[in-house]
Amino acid sequence: MVKILRAILVVFQELETNINMNYMSQLPHSITKIFLPILLTISFNPASAQPNTQATATDTQITADVKEIMRSIDEVKRLPVTGLSFIKAGDKSFLITDNGHFVVAGNFKLVDMWRGKQITSVADTQDIEKVDLRKIGINPDELSTLTVGSGKREVTIFTDPQCDHCHTLISQIEALANDYTFKLVVVPVLGSKSAELTKQLLCNKDKAQSVQALLTKDYSKLPPLVRQEGSCDLKPLQKAVVATKMLEIQAVPLIYLPSHNTYKGAVKSFKTLLEKDLDNQINGK
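A brief structural summary. (Residues numbered from 1 in each chain as written. Predicted model: local features only at pLDDT ≥ 70, side-chain atom pairs only at ≥ 80, totals over all residues. Heavy atoms only, no water.)

Of regular secondary structure, the chain possesses eight helices and twelve strands. A buried classification covers 42% of the 285 residues belonging to the chain. Intrachain contacts of the chain at a sequence separation of at least 6 include 69% that bridge at least 24 residues. For the chain, the exposed surface amounts to about 15,700 Å²; the carbon and sulfur share of it is 50%. (Helix = DSSP H or I, 4+ residues; strand = E, 2+ residues; numbered from the N terminus. Buried < 20%, exposed > 50% of the residue type's maximum accessible area, 1.4 Å probe, protein only. Contact = heavy atoms within 4.5 Å. Areas by Shrake-Rupley, 256 points an atom, 1.4 Å probe, with all protein chains shown as cover.)

What follows is the structure in C-alpha cells.
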C-alpha cells in the first residue's frame, strides 16, 4: 500500500505562569485531545507524491483498499486516547477514529510511551489502561495535594471541593488510613466557587484543618485568602491542572488505585473496592 502519511503526535506538557480561573471552571470541556500518551510515527515515501490528478486516483484506490480490508476485522481495542481505536484485520493493522472519519493505514509503529512497549496486536494492549503516575513523571506530592493516612499502599484521588460524589467517596477514607495513604489532589472543576475554595484549602497553613474541611465538606472555618502577591505558592495547583490535561481527566472523582488501575466515580463501599483491587493485583489483573 502506498505510504501517504507522515505524522508524529508530540507528547507535550504546558505550565501556565498564572492560573486563569475562568479557564479552570471550564476544565472538563477543555482538556480532551490535549495530551496523547501514545507516540505515533508513520513512515512517508517522498516518491509517492504525485500531481493532483494522479493523487486523486491514488486516494480513491487507497480508500477502496481500506474499506475492503476492514470488511474482515478480527479484533478491535479502544485505546485510552480520546476517540481512537486499534484494529487488526488479518495481517494488517489500522488506527481509526470513533466516527470512522479518519483511518491510519500503511507502515506505522504504535508505541505506548508510558509502558515502553510497541503495540502490534490487540494482545499487546493488555493493561493499557493502567497508569503508574510516578513512573510517567506525575508525583502527587508536587501537586495541589492533601494527604490522609500512613499506610503502605498509596491511592491518589482527583477531587473538587464542591463535588458531592467526591465527598461520598473521601468521607470513607479516615477508617482506612492505617492501611492506605490517600493523596487527595484538589482541582477546581466546578466553577469559580470551587477555585476559591481550592485556594483556601491549599493556602491555609494549618493543613490538618484543610484536610478536615475537605473530608467534611465544611469550609466555614477556613481562614480567608490573603490576596497579596507571594502570600501563597500556587505552582502545585498549576501542575495539577497540567496533570489533568495529560491524564485527560474529564470528571471527578477519579481514583488511581495501588494496582495502577483506575476507577471513575464514587462507590458505596470504598473498602470493598480497595479489597478487590488488592485481589486483582495479587492475581495479576
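Moving on: the sheet that holds strand 5 (residues 103-104). Sheet architecture is open: four strands sit in the order 2-3-4-5, paired in antiparallel fashion. The sheet is open, and its two borders are formed by strand 2 (75-78) and strand 5, each paired with just one other strand. Sheet analysis places strand 3 (residues 84-89) next to strand 4 (residues 92-97), joined by six bridges and oriented antiparallel. In the strand pairing of strand 4, I87 is matched with F94. (Pairing = 2+ DSSP bridges.)

Another aspect to go through is helix 8 (residues 270-282). For helix 8, spanning 13 residues, the distance from its first C-alpha to its last is 19 Å, which sits close to the expected 18 Å at 1.5 Å a residue. Residues of helix 8 that are buried include every one of F270, L273, L274, D277 and N280, and no others. Each buried residue of helix 8 lies within a common arc of 115° when the element is viewed along its axis, so the set occupies one face. Turned more than 90 degrees away from the buried face of helix 8 sit K276 and I282, all of them exposed. (Expected span 1.5 Å × (residues − 1). Arc of directions from axis to C-beta.)

This paragraph deals with the sheet that holds strand 11 (residues 254-256). Reading across from one edge, 8-10-9-11-12 is the order of the five strands in this open sheet, with mixed pairing throughout. The open sheet has two free edges, formed respectively by strand 8 (145-148) and strand 12 (262-264), since each of these has just one partner strand. Sheet twist, expressed as the average angle between the axes of neighbouring strands with direction ignored, equals 20°. Relative to strand 11, strand 9 (residues 153-159) is paired through three bridges, and the arrangement is antiparallel. Note on strand 11: the bridge partner recorded for T156 is Y256. (Axes fitted to C-alpha atoms, helices over the stretch in contact; angles between N-to-C directions.)

A separate point is the nonpolar core. Ranked by internal contacts, the top residues of the largest apolar core, which has 26 residues, are I157, F182, L184 and F270. For this core, the elements supplying multiple residues, two or more each, are strand 8, strand 9, helix 4 (164-170), strand 10 (180-186), helix 5 (192-203), helix 6 (207-216) and helix 8. Not counting residues up to four positions away in its chain, the partners in contact with L184 are S144, T145, L146, V148, I157, I170, I173, L214 and L215. If you look at the next biggest cluster of nonpolar residues, it comprises 20 residues, including V189, L247, I249 and V252. (Core = buried A, V, L, I, M, F, W, Y, C linked by side-chain atoms within 4.5 Å.)

Let us now look at the environment of Y219. The topology assignment puts Y219 in the loop between helix 6 and helix 7 (235-246). Of the residues examined, Y219 reaches a relative accessible area of 13% and is grouped as buried. C-alpha separation for the pair Y219 and L201, spaced 18 residues apart in sequence, amounts to 8.5 Å. Discounting chain neighbours no more than four positions away, the residues touching Y219 are P161, L197, L201, A213 and L214. Side-chain polar atoms of Y219 contact the backbone oxygen of P161, separated by 2.5 Å. (Polar contact = N/O pair within 3.5 Å; in protein donor to acceptor, adjacent residues only side chain to side chain.)

By the alternation rule, side chains of strand 6 (residues 108-112) split into F108, L110 and D112, which are all buried, and K109 and V111, of which none is buried. Of the pairings in the sheet, the one linking strand 6 to strand 7 (residues 117-119) comprises three bridges and is antiparallel in character. Counted as the bridge partner of V111 is Q118 from strand 7. Adjacent in sequence and paired antiparallel, strand 6 and strand 7 are bridged by four residues, among which G116 carries a positive phi angle near 65°.

With that out of the way, let us pick up helix 5. Given a rise of 1.5 Å per residue, twelve residues ought to cover 16 Å, and the 16 Å separating the end C-alpha atoms of helix 5 matches this to within 8%. Along helix 5, the residues that are buried comprise S194, A195, L197, T198, K199, Q200, L201 and L202.

Overall, the coordinates contain nine salt bridges when judged by the stated rule. Here E154 and R134 are joined by a salt bridge, their closest N and O atoms 2.9 Å apart. With a gap of 20 residues between them, E154 in strand 9 and R134 in the loop between strand 7 and strand 8 connect regions that are remote in the sequence. Taking the relative accessible area as the measure of exposure, R134 reaches 40% and is therefore partly exposed. (Salt bridge = Lys/Arg side-chain N within 4 Å of Asp/Glu carboxyl O.)

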